[in-house]
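Results of the structural survey
Each chain is listed here by its residues.
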Amino acid sequence: LEGMFKALRAEEAIDNPTGIAEAYNNIGVGYYYLKDYDKATEYLLRALELQKELGTITGLQQGYNNVGAIFDFQQKYPEAIETYEKALSISRKLGDRQLEASNLANIGLAYSKLEDFKQADALFEQSIAVREAIDDKNGLAHSYTQFGESLRSQKRFALAETYLAKGLKYAEENGLKLAKRETYGSLAELYLDLNNPKQEAEQLRKYIAVNDTIITV
């Protein structure tokens, strides 16, 4: 964080609001990774307010998405949904379909955590449709898995398994290690719910194997 604060002071010294907003955002993300969520929220909101003043549409999209993620992590799901929806509106104005799909999935996840599964299902289906239209293989792997997780929460186990299998297929065919790890973990939980210890153990074995190949910094 020390370097980030130095960058902030440098931008303040030359009165560069765009640079100041970027520095606030970077500091907020830094605090997020340090698990200081109050400080993260403080600096991300500072960045967002400055982006509003500047009218920088791409900066606003990023700002709303980051603040939504903090609310989501703090289990403030209504606030997360409201903030993600602002990011979604901007993504659509920008015509950025990849961001649009990501925003839809984030909102779907928040509704799933609120157990508003009707809304969640509709949003996951929209996210998948957009990602299919733009052939976003990485995004599809994650969307299918996220939808499968939501269906598992609803105890719709057969359909959950179908979507998790779709997510795994995309992940395996395209060498997406993070997506594979996510899906193996979800499948292990599904088979735990189904009281299938053999399959649960197999998915956990695969989860550990792929996890060992991922270098975390």
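Here's a quick rundown of the structure.

What follows covers the overall build of the protein. A count of helices and strands for the protein gives 11 helices and 0 strands. Of the regular secondary structure in the protein, the N- to C-terminal order runs α-α-α-α-α-α-α-α-α-α-α. Along the three orthogonal principal directions, the C-alpha set of the protein runs to about 60 × 35 × 30 Å. A total of 217 residues make up the protein; the buried ones form 44% of that total. Here the analysis covers contacts within the protein between residues at least 6 apart in sequence; of these, 47% occur between residues at least 24 apart.

A few words now on the pattern of salt bridges. What the rule picks out here adds up to 16 salt bridges. Between Arg131 and Asp136 there is a salt bridge; the shortest N-O distance is 3.6 Å. For the pair Arg131 and Asp136, one class covers both residues: buried. Put simply, Lys169 and Glu173 hold a salt bridge, and the shortest N to O gap is 3.0 Å. In this pair, Lys169 and Glu173 are both assigned in helix α9 (residues 157–173), 4 residues apart and thus about one turn of the helix distant. Judged by relative accessible area, which is 53%, Glu173 ranks as exposed. In the salt-bridge network here, residues are joined through shared partners; they are Glu149, Arg152, Glu189 and Asp193.

With that out of the way, let us pick up the packing of α9 against helix α10 (residues 177–193). Interhelical geometry of α9 versus α10 gives an angle of 160° and a closest axis separation of 9 Å. The orientation of α9 relative to α10 falls into the category roughly antiparallel. Every pair of crossing elements has a handedness; the one defined by α9 and α10 is left-handed. Together, Phe157, Ala160, Glu161, Leu164, Gly167, Leu168, Ala171 and Glu172 of α9 and Ala179, Lys180, Thr183, Tyr184, Ser186, Leu187, Leu190, Tyr191 and Asp193 of α10 make up the contact between the two elements.

Let us look at the packing of aromatic side chains. The geometry of an aromatic ring pair comes down to the distance between the two centres and the angle between the two planes. Applying the stated criterion across every chain yields a total of 12 aromatic pairs. For the pair Phe5 and Tyr31, a centre-to-centre distance of 6.5 Å together with 70° between the ring planes defines the contact as edge-to-face. Placement of Phe5 in helix α1 (residues 2–13) and of Tyr31 in helix α2 (residues 17–33) is noted, with a sequence separation of 26 residues between them. Residues Phe5 and Tyr31 agree in their burial class; the two are buried. Relative to Tyr43, the ring of Tyr24 lies with its centre 6.0 Å away and its plane at 50°, an arrangement referred to as tilted. Taken together, the residues span a long stretch of sequence, with Tyr24 in helix α2 and Tyr43 in helix α3 (residues 37–54) at a distance of 19 residues. The exposure class of Tyr24 is buried, given its relative accessible area of 13%. By relative accessible area, Tyr43 is classed as buried at 8%. An aromatic cluster is built from Phe124, Tyr144, Phe147, Tyr163 and Tyr170, whose rings are joined through pairwise contacts. Over the aromatic face of Tyr43 sits the side chain of Arg46, whose NZ or CZ is 4.5 Å from the ring centroid. Looking at Lys166, its charged tip hangs above the ring of Tyr163, at a distance of 4.9 Å from the centre.

It is worth spelling out the environment of Tyr24 at this point. Taking the C-alpha atoms as reference, Tyr24 lies 34 Å from Lys180; in sequence the two are 156 residues apart. If we skip the residues at most four places from it in the chain, Tyr24 touches Leu8, Glu12, Tyr43, Leu44, Arg46, Ala47 and Leu50.

We now examine the side chain of Ser112. Among the structural elements, Ser112 can be located in helix α6 (residues 97–113). Its relative accessible area of 12% is what places Ser112 among the buried residues. Polar contacts involving the side chain of Ser112 include one to the side chain of Ser150, which spans 3.0 Å.

What follows is about unusual backbone geometry. Within the chain, Lys35 stands out as a residue other than glycine whose phi angle is a positive 65°. The topology assignment puts Lys35 in the loop between α2 and α3. The backbone of Asn195 sits at a positive phi, close to 55°, despite the residue not being glycine. Mapped onto the secondary structure, Asn195 falls in the loop between α10 and α11 (197–211).

Basis of the calculations
- Residues numbered from 1 in each chain as written.
- Predicted model: local features only at pLDDT ≥ 70, side-chain atom pairs only at ≥ 80, totals over all residues.
- Heavy atoms only, no water.
- Helix = DSSP H or I, 4+ residues; strand = E, 2+ residues; numbered from the N terminus.
- Buried < 20%, exposed > 50% of the residue type's maximum accessible area, 1.4 Å probe, protein only.
- Contact = heavy atoms within 4.5 Å.
- Salt bridge = Lys/Arg side-chain N within 4 Å of Asp/Glu carboxyl O.
- Axes fitted to C-alpha atoms, helices over the stretch in contact; angles between N-to-C directions.
- Parallel < 35°, antiparallel > 145°, perpendicular 65-115°, else oblique.
- Left-handed = near helix turned anticlockwise from the far one by under 90°.
- Phe/Tyr/Trp six-rings, centres within 6.5 Å; stacked < 30°, edge-to-face > 60°.
- Lys NZ or Arg CZ within 6 Å of the ring centre and 35° of its normal.
- Polar contact = N/O pair within 3.5 Å; in protein donor to acceptor, adjacent residues only side chain to side chain.

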